[in-house]
Amino acid sequence: MFPFYRFILSLHIIAVISWMAGLLYLFRLYVYHAAETENVVKERFKIMERKLFRIITLPAALVALGMGVVMLLLNPVLLQEHWMHAKLFFVLFMLGITHYAGRLVRQFNEGTVTQSHKFFRVMNEVPTLLMIIIVILVIMRPF
């Protein structure tokens, strides 16, 4: 089981890296899209955002979650650890941010976004902070 578990862990880490890259780039695109005034450029942003979310960010999130579930099934003792409870709590926030990012893709496509580029600059930091917290919990296992 140990080599298989390590393989699943590797897939989980690769998917998490891809998920984070997608979220960070997506919110950066939102910053530029919200500040843009040229329609041609706005249309290009819409295509980039939609493809980034549907082809990279969402599939990576699903693979990360799937591999995480498999690891918990292979090693259920992790569910008794308090650091894992905290990690899963923050992963739920990360899922919420991902869902929100998907809603924003639709809102930008429909032209109904009301937030400014400054709002998206702040929102760009939220996934980073969540990632830092989650990595510290996994590595340090403070509880």
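All values derive from a computational prediction rather than experimental measurement.

So, how was this worked out
- Residues numbered from 1 in each chain as written.
- Predicted model: local features only at pLDDT ≥ 70, side-chain atom pairs only at ≥ 80, totals over all residues.
- Heavy atoms only, no water.
- Helix = DSSP H or I, 4+ residues; strand = E, 2+ residues; numbered from the N terminus.
- Buried < 20%, exposed > 50% of the residue type's maximum accessible area, 1.4 Å probe, protein only.
- Contact = heavy atoms within 4.5 Å.
- Areas by Shrake-Rupley, 256 points an atom, 1.4 Å probe, with all protein chains shown as cover.
- Lys, Arg positive; Asp, Glu negative; His and termini not counted.
- Charge placed at Lys NZ, Arg CZ, Asp CG, Glu CD.
- Salt bridge = Lys/Arg side-chain N within 4 Å of Asp/Glu carboxyl O.
- Expected span 1.5 Å × (residues − 1).
- Bend = angle between axes of the 7 residues up to and from the residue.
- Phe/Tyr/Trp six-rings, centres within 6.5 Å; stacked < 30°, edge-to-face > 60°.
- Core = buried A, V, L, I, M, F, W, Y, C linked by side-chain atoms within 4.5 Å.
- 1 Å grid on protein atoms, 1.4 Å probe; cavity = no way out; pocket = protein on both sides within 12 Å on 5 of 7 lines; lining within 4 Å.
- Points joined across faces, edges and corners; volume = space filled by probe spheres on them.
- Nonpolar A, V, L, I, M, F, W, Y, C, P; charged D, E, K, R; others polar.

Caption draft 1: Inspection of the overall build of the protein chain at higher detail. What the protein chain contains, in helices and strands, is five helices and zero strands. Secondary structure elements in the protein chain, listed N-terminal to C-terminal, are α-α-α-α-α. Summarising its shape, the C-alpha atoms of the protein chain cover approximately 55 × 25 × 20 Å along the three principal directions. The buried share among the 143 residues of the protein chain stands at 34%. Residue pairs in contact within the protein chain that sit at least 24 positions apart in sequence constitute 78% of those at least 6 positions apart. If you sum the accessible surface of the protein chain, you get close to 8,600 Å²; carbon and sulfur atoms cover 70% of it. In the protein chain, which carries 14 positive and 7 negative side-chain charges, the distance between the mean positions of the two groups comes to 5 Å.

Caption draft 2: The arrangement of the side chain of E49 in detail. Mapped onto the secondary structure, E49 falls in helix α2 (residues 39-74). Notably, E49 is buried but unbridged: the nearest opposite-charge side chain belongs to K46, and the N-O separation is 8.2 Å.

Caption draft 3: Just the pattern of salt bridges, in detail. Per the stated rule, a full pass over the model turns up one salt bridge. Two residues, K46 and E43, come together in a salt bridge whose shortest N-O distance is 3.0 Å. One end of the pair, K46, and the other, E43, are both in helix α2, three residues apart, so they sit about a helical turn from each other.

Caption draft 4: Layout of α2. For α2, built from 36 residues, the straight-helix expectation of 52 Å at 1.5 Å per residue is met to within 8% by its first-to-last C-alpha distance of 51 Å. Taken as a whole, α2 carries its principal kink of about 40° at F53.

Caption draft 5: Layout of the environment of K87. In this fold, K87 is placed in helix α3 (residues 82-110). A relative accessible area of 13% means that K87 is categorised as buried. Non-local contacts of K87, meaning those with residues more than four positions away in its chain, are made with H12, I134, L137 and V138.

Caption draft 6: Structural context of the packing of aromatic side chains. One pass over the full model with this rule turns up eight aromatic pairs. When the centroid spacing of 5.3 Å and the interplanar angle of 80° are considered together, the rings of F89 and F90 count as edge-to-face. Taking relative accessible area as the criterion, F89 reaches 45% and is therefore assigned partly exposed. Members of the aromatic cluster, each reached through a chain of ring pairs, are F27, Y30, F108, F119 and F120.

Caption draft 7: Structural view of the nonpolar core. Judged by nonpolar contacts, the single largest core of 27 residues is most densely connected at F27 and Y30. For this core, the element with the highest residue contribution is helix α1 (residues 2-35), accounting for nine residues. Beyond its immediate chain neighbours, meaning those up to four positions away, Y30 contacts E49, A101, L104, V105, F108 and F120. Residues I8, M71, L78 and M84 belong to the second largest nonpolar core, which totals eight residues.

Caption draft 8: Here's a closer look at the layout of surface pockets. For the largest pocket, the calculated volume is near 720 Å³. Forming the boundary of the largest pocket are 28 residues, of which H12, V16, K87, I134 and V138 lie nearest the centre. Elements with a contribution of two residues or more to the lining of the largest pocket: α1, α2, α3 and α5 (125-140). It is α1 that contributes the most residues to the lining of the largest pocket, eight residues altogether. When grouped by side-chain class, the residues that make up the lining of the largest pocket number 23 nonpolar, three polar and two charged.

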